[in-house]
Amino acid sequence: MAESTELLSGWGRTMAVRSHRVTPRTTEELTELLAERAPNHGVIARGLGRSYGDPAQVAGGTVVDLSAFTTISAIDARTHAVTVGAGVSIDTLLHHILPLGYFVPVTPGTRQVTIGGAIAADIHGKNHHVDGSFANHVVSMDLVTPIGPMTVTRASDPDLFWATAGGMGLTGILTAATITLLPISSTLVSVDTTRHRNLDEVMAAMVDGDHRYRYSVAWVDCMTSGATMGRGVLTRGDHAPSDAGSRANALPAGAAVAVPFNAPPGLLNRLSITAFNEAWYRKAPKERLGGIESISTFFHPLDGVANWNRLYGPRGFVQYQFAVPDAASATVATAIERLAASKVPSFLAVLKRFGEGDPGPLSFPTAGWTLALDLPVGPPALPAVLDDLDDLVAGVGGRIYLAKDARCNPAHLETMYPALSAFRSVADRVDPERLLTSDLDRRLNLRGSRHA
Amino acid sequence: MRDAFGQPQTAILFGGTSAIGLAIVDRLVDARLRHVVLVGRNATALEDAAAALHSRSVTATVVLADAADGATARGAVDQAFAALGTPCDLVIMAVGLLGDQSKDDDDPDRTATMFTVNTAWPAAVLAGCRAALVAQGTGQIVVLSSVAALRTRRANYTYGAGKQGLDGFTLGLAESLRGTGVTVHLIRPGFVTTKMTEHLKAAPFSTTAPAVADVTVAAIAKGAPVAYAPGILRYVFLVLRHLPSALWRKIPG
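The paragraphs below set out a description of the structure included in this document. (Residues numbered from 1 in each chain as written. Chains lettered and ligands numbered in written order. Predicted model: local features only at pLDDT ≥ 70, side-chain atom pairs only at ≥ 80, totals over all residues. Heavy atoms only, no water.)

## Re the side chain of D210(A)
Residues and elements named next belong to chain A. Looking at the element boundaries, D210 is found in the loop between α6 (199–209) and β12 (215–220). Judged by its relative accessible area of 4%, D210 falls in the buried class. A polar atom in the side chain of D210 sits 3.1 Å from the side chain of R236. For D210, the contacting residues outside a window of four places in its chain are H129, A205, S216, R236 and R353. (Helix = DSSP H or I, 4+ residues; strand = E, 2+ residues; numbered from the N terminus. Buried < 20%, exposed > 50% of the residue type's maximum accessible area, 1.4 Å probe, protein only. Polar contact = N/O pair within 3.5 Å; in protein donor to acceptor, adjacent residues only side chain to side chain. Contact = heavy atoms within 4.5 Å.)

Written out as structure tokens, the structure reads:
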């Protein structure tokens, strides 16, 4: 089993800590590893490190690299189910299944996440309002827990199944999962793009029409105020019915360009971001119906530039993503207004409607709205502005997304995730010694280990 | 764990009754700090400081240790980390003794104590903290030095030379910790009006404990390796350090 000591941080590059990285080759090695590690140092799984904050690291502890768990089974032609190693990325899986006429049931804005991470964060995509989150499409999970390996289904152990969905790796280490794929007849996407002059118009269009599309997302400009506050571009679509091009070349082999080194501090400032947002808004058509786009253009805009997180410079960035119920839809406008008023520069924000959430006690999506903003670390006002937003979001029955978090006020966690105590009981059942922990867990006390 | 903005949740304050140290703690409690260990000599004063923290919903534990006795350093580190029980996000080294130069001048015992309290004990404690934080894989260290360390002067050369030792030690410590996940922030305040200096005439660019705390918290957030309080002293001392001795002698303060 390969072992090294290295400095790790999340995609936001904000909290580098040193951990031991181990790379088990088999389930047996992993089971043995969990039996051997002393609980006080902690163990957590890590995939491709795309979580923004600290869920896939444990300072001074052991980070388990699942890159050896890469098998992909044959696809069951009747149920469309496939069994995939936890270390397989959505990118690898798509390269494998697109030529066979299948798509992943849920994809985030990047293909560079693993199946294990997709379940641990219970990720969502542009189709959440129709198809729910990733765990909704998971048939079974192979989980190695400190009390031993087990295969978990909704029927065999519903509590453990749902605690693992969105459980941020704290209920065990996933080695494989069986998921149900989406059969498609084309690798192209038919897209309707509409431009809207302010946030109210964007949100009204989404409420009116999202149900007509499998996929829907809006990109919103957070640097404008007044009559154009929250102007945005709404893109909605579905897989095209027939295929003009070849399936084999549906995805690019890699990113078109890469950021080769860390940008100097302050490259992304109010001026440069305002200019970018303006150009981006002007570039979008007022209305274009039935446009044809590739899968990578439509689903994975973040993959066009490799290492784009380096643009934020040495101090890194945070992403603030929250969800609020429909009754509190005004929170979206309030959040954008407060950030604009505090002069914190923000790139385009992503706005999306969520359908009903799944039963995972730590699963993020709940019916209503979600807004995600990238914010550079540096403006002195930012920590307090986000703390105030936490208060607002928690107060209206909303929550923040743990896979994106790097700074949430821990006092709000039980309000945001009311089933937290149920999660803690399940985690303690399969990990009574509390071997599994992460810096996220330590920071937010997810497992309830700290005596307050 | 500290967060993306470098805001700690747990801290150990060596010099648990230091006005500057407690002002830093106070500022951090406004953010995320919830568990503090106060290390010092004066049990009553430490308990008072702990009680003030309890009233702000902060867990505060007291560890007794006398910085005038170099042999207590190891035990103080072990007890402080054990009292915290969880990874320590921040170590603040705020131990210091200003002394009285007119009495220190000809007194070997007083001079030895000055160097123990200002240099030997803090350095020994920092060595112990270094081991503990490296094992944790994360942590931040704040060391309160002084602009007096930049150039010793007649009025307080024993204090200045002691801080000079700690200042240089800290810069080397920071180098030794590159790539470990542990960062070091050296703070060089000017004349700070506290109980330690209330009998003295304030020097130019004098500052206060809360102002030094603001500089320190900003240095932690920015990851600044060296910070001055007030900030202008960085440039003032750039000049003062290179003045001819005849002129340096005449600078007030």
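Okay, back to it.
## A word on the sheet that holds strand β18 (residues 349–354) of chain A
All names here are of chain A. Ordered in space as β15-β11-β13-β12-β18-β19-β17-β20, the eight strands form an open sheet in which the pairing is antiparallel. Both outer strands of the open sheet, β15 (287–294) and β20 (399–400), are each paired with one neighbouring strand and no more. As paired elements, strand β17 (residues 317–324) and β20 share two bridges and run antiparallel to each other. Of the residues in β20, the one forming a bridge with F322 is I400. Where helix α9 (residues 330–341) meets the sheet, it contacts β12, β17, β18 and β19 (368–376), and its direction lies at approximately 15° from that of β19. (Pairing = 2+ DSSP bridges. Axes fitted to C-alpha atoms, helices over the stretch in contact; angles between N-to-C directions.)

## Quick word on the pattern of salt bridges
Per the counting criterion, the structure on display carries 34 salt bridges over all chains. A salt bridge links R25(A) to E29(A), with the nearest nitrogen and oxygen atoms 2.6 Å apart. On the basis of relative accessibility, which here comes to 54%, the residue R25(A) falls in the exposed class. Here E201(A) and R197(A) are joined by a salt bridge, their closest N and O atoms 2.8 Å apart. Residue E201(A) is classed as partly exposed on the basis of its relative accessible area of 27%. On the basis of relative accessibility, which here comes to 56%, the residue R197(A) falls in the exposed class. When salt bridges with common partners are traced through the structure, they connect D387(A), D390(A), R407(A), D3(B) and R32(B) into a single cluster. (Salt bridge = Lys/Arg side-chain N within 4 Å of Asp/Glu carboxyl O.)

## What to know about the nonpolar core
Residues F103(A), L351(A) and L402(A) are the most contacted members of the largest nonpolar core, which totals 108 residues. It is helix α10 (residues 382–395) of chain A that contributes the most residues to this core, six residues altogether. Ignoring sequence-local partners within four residues, the contact set of F103(A) consists of L94(A), I97(A), L98(A), L181(A), L182(A), I184(A), Y215(A), H239(A), I295(A) and F299(A). Ranked by size, the runner-up nonpolar core spans 42 residues in total, among them A65(B), A76(B), L186(B) and L243(B). (Core = buried A, V, L, I, M, F, W, Y, C linked by side-chain atoms within 4.5 Å.)

## Observations concerning the packing of helix α5 (residues 108–136) of chain B against helix α6 (residues 157–176) of chain B
Residue and element names in this part refer to chain B. Viewed as axis vectors pointing N to C, α5 and α6 meet at an angle of 15°, and their least axial separation amounts to 8 Å. Taken together, the axes of α5 and α6 are roughly parallel relative to one another. Crossing angle aside, the handedness with which α5 passes α6 is right-handed. For the pair α5 and α6, contact is made by T111, M114, F115, N118, T119, P122, A123, L126 and R130 and by T158, Y159, A161, G162, G165, L166, F169, T170, L173 and S176, respectively. For the contact of α5 with α6, a count of residues per class yields 10 nonpolar, eight polar and one charged. (Parallel < 35°, antiparallel > 145°, perpendicular 65-115°, else oblique. Left-handed = near helix turned anticlockwise from the far one by under 90°. Nonpolar A, V, L, I, M, F, W, Y, C, P; charged D, E, K, R; others polar.)

## Focus on the pairing of strand β9 (residues 226–229) of chain B
All names here are of chain B. Side chains V226 and Y228 of β9 all project onto a buried face; the interleaved residues A227 and A229 project onto the opposite face, where all are buried too. Alignment of strand β6 (residues 182–189) against β9, held across four bridges, turns out to be parallel. Within β9, the residue paired with P189 across the bridge is A229.

## Details of the interface of chain B and chain A
Facing 21 residues of chain B, the contacting portion of chain A comprises 25 residues. In total, chain B and chain A occlude about 1900 Å² of area from one another, counting both sides; carbon and sulfur atoms represent 58% of this. The largest share of the area that chain B buries against chain A comes from M1(B), F5(B) and R32(B), three residues that together contribute 33% of it. At the junction of chain B and chain A, the tally comes to one salt bridge. The residue D387(A) makes a salt bridge to R32(B) at a minimum N-O spacing of 2.6 Å. At the boundary of chain B and chain A, one finds seven residue pairs in polar contact (both at pLDDT 80 or more). Secondary structure elements with two or more residues in the side of chain B that touches chain A: α5 and α7 (209–222) of chain B. It is α5(B) that provides the largest number of residues to the side of chain B that touches chain A, a total of three residues. Here the residues of the side of chain B that touches chain A sort into seven nonpolar, 10 polar and four charged. (Buried area = accessible area lost by both parts, 1.4 Å probe.)

Interpretation in functional terms is not warranted from these geometric data alone.
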